[in-house]
Amino acid sequence: MLYPVMLNIAGQKAVVVGGGAVAVRKARSLIDAGAVVKVISPEVSEAMNELLSGSTISWQKKEFAPADIKDAFLVIAATNSRETNELVQQSASPCQLINLTDDPQGSRFIVPASFQRDKLCIAVSTHGASPALSKRIIRELKEQFNDADVAYIAFLEKCRTVIKQALPASEMRQVLLKQLASPGFEKQVKAASSIEREQLLTEMLTDWREKQ
């Protein structure tokens, strides 16, 4: 059983071994997450070349060697060579996170199918059993969320900050935070203007103070 987690890799060194389509996808997602990305490959695809020219990613035009990942926090082996991917795996230290794109069972982590809209991120994994099914589920879920959901989550973040500052840690504070995520409150927020949303929050806090 794998442990689901969201990683903060901003500023961390990440190495992608490979220069093809899969390597491009992995490198792009790492860049989006703020990692310092290095690509190791004797050749790269046109898509990878475009990524290299439009970002801070670096490329070492060479065959993989164990020293290439010595100081990496995270490593992805994404070549079309089983032998090379296995060498990457064998070269990783016990404290490094390593993913073999062709061998989920041999990986220390796998990357689930996902989509992200601002603060909303949804990920689905079948533990490598069927990546195709994971992607299908994500496509179906993606259709259920839109800009209104993104705006609602942004408002929830603001509410949470205000409530934590205004109220001491207590059971009532937890009740209010749960109320913010209720279907009824969500419906109110999505139907309200920005001014009306602020009023909703003010009314919630006023009601709490009156009950004290």
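Structure shown above.
Rules used in this analysis
Residues numbered from 1 in each chain as written. Predicted model: local features only at pLDDT ≥ 70, side-chain atom pairs only at ≥ 80, totals over all residues. Heavy atoms only, no water. Pairing = 2+ DSSP bridges. Helix = DSSP H or I, 4+ residues; strand = E, 2+ residues; numbered from the N terminus. Axes fitted to C-alpha atoms, helices over the stretch in contact; angles between N-to-C directions. Phe/Tyr/Trp six-rings, centres within 6.5 Å; stacked < 30°, edge-to-face > 60°. Buried < 20%, exposed > 50% of the residue type's maximum accessible area, 1.4 Å probe, protein only. Right-handed = clockwise from strand over helix to strand, strands pointing away. Core = buried A, V, L, I, M, F, W, Y, C linked by side-chain atoms within 4.5 Å. Contact = heavy atoms within 4.5 Å. Salt bridge = Lys/Arg side-chain N within 4 Å of Asp/Glu carboxyl O. Parallel < 35°, antiparallel > 145°, perpendicular 65-115°, else oblique.

A.B. asks: Please provide a residue-by-residue account of the sheet that holds strand β4 (residues 74–77), values included.
C.D. replies: Here five strands make up an open sheet; going across it, the order is β3-β2-β1-β4-β5 and the pairing parallel. Here the strands that pair on one side only, and so sit at the sheet edges, are β3 (58–60) and β5 (97–100). Strand-to-strand twist in this sheet, taken as the mean axis angle between neighbours without regard to direction, amounts to 20°. Across three bridges, strand β2 (residues 36–40) lies against β3 in parallel orientation. In the strand pairing of β3, Lys38 is matched with Ser58.

A.B. asks: I'd love a proper account of the packing of aromatic side chains, names of residues and values included.
C.D. replies: Within this structure, the stated rule accounts for two aromatic pairs. Between Phe115 and Phe145, the ring centres sit 6.4 Å apart and the planes meet at 40°, which makes this aromatic pair tilted. Here Phe115 is found in strand β6 (residues 113–117), whereas its partner Phe145 is found in the loop between α4 (131–142) and α5 (147–166), with 30 residues between them in sequence. In this structure Phe145 comes out as partly exposed when scored by relative accessible area, which is 24%.

A.B. asks: How would you sum up the pairing of β4? Please name residues and give values.
C.D. replies: Residues Leu74 and Ile76 point to one face of β4 and Val75 and Ala77 to the other, with burial holding for every one of them. By the bridge criterion, four bridges tie strand β1 (residues 13–17) to β4 in an arrangement that is parallel. Looking at the pairing, Val17 lines up with Ala77 of β4. Strand direction decides the pairing type here: β4 and β5, joined by four bridges, are parallel. The residue bridging Leu74 from the neighbouring strand is Leu97, located in β5. With helix α3 (residues 82–91) bridging β4 and its parallel neighbour β5, the resulting β-α-β unit is right-handed.

A.B. asks: Lay out the nonpolar core in plain terms, naming residues and giving numbers.
C.D. replies: Val16, Ala27, Leu30, Val37, Met48 and Ile57 are the most contacted members of the largest nonpolar core, which has 19 residues in total. Of all the secondary structure elements, the ones that give two or more residues to this core are β1, α1 (21–32), β2, α2 (46–53) and β4. In terms of residue count, the dominant contributor to this core is α1 (four residues). The contacts of Met48, once residues within four sequence positions are left out, are Gly18, Gly19, Ala23, Val24, Ala27 and Val39.

A.B. asks: Break down the pattern of salt bridges for me, with residues and values.
C.D. replies: Applying the stated criterion across every chain yields a total of nine salt bridges. The residue Arg82 makes a salt bridge to Glu86 at a minimum N-O spacing of 2.9 Å. Here Glu86 and Arg82 lie together in helix α3, a separation of four residues that amounts to about one turn. Under the relative-accessibility criterion, Arg82 is labelled partly exposed at 32%. The salt bridge involving Glu157 is made with Lys119; its shortest N-O contact spans 2.6 Å. In this pair, Glu157 sits in helix α5 while Lys119 sits in the loop between β6 and β7 (120–124), placing the two residues 38 residues apart along the sequence.

A.B. asks: Provide a residue-level description of the packing of α5 against helix α7 (residues 183–191), including the pertinent values.
C.D. replies: Relative to each other, α5 and α7 sit at 110°, their axes nearing to 10 Å. Between α5 and α7, the interaxial angle falls into the category roughly perpendicular. Side by side, α5 and α7 meet where Ala148, Asp149, Tyr152, Phe155 and Leu156 of the first sit next to Phe185, Glu186, Val189 and Lys190 of the second.

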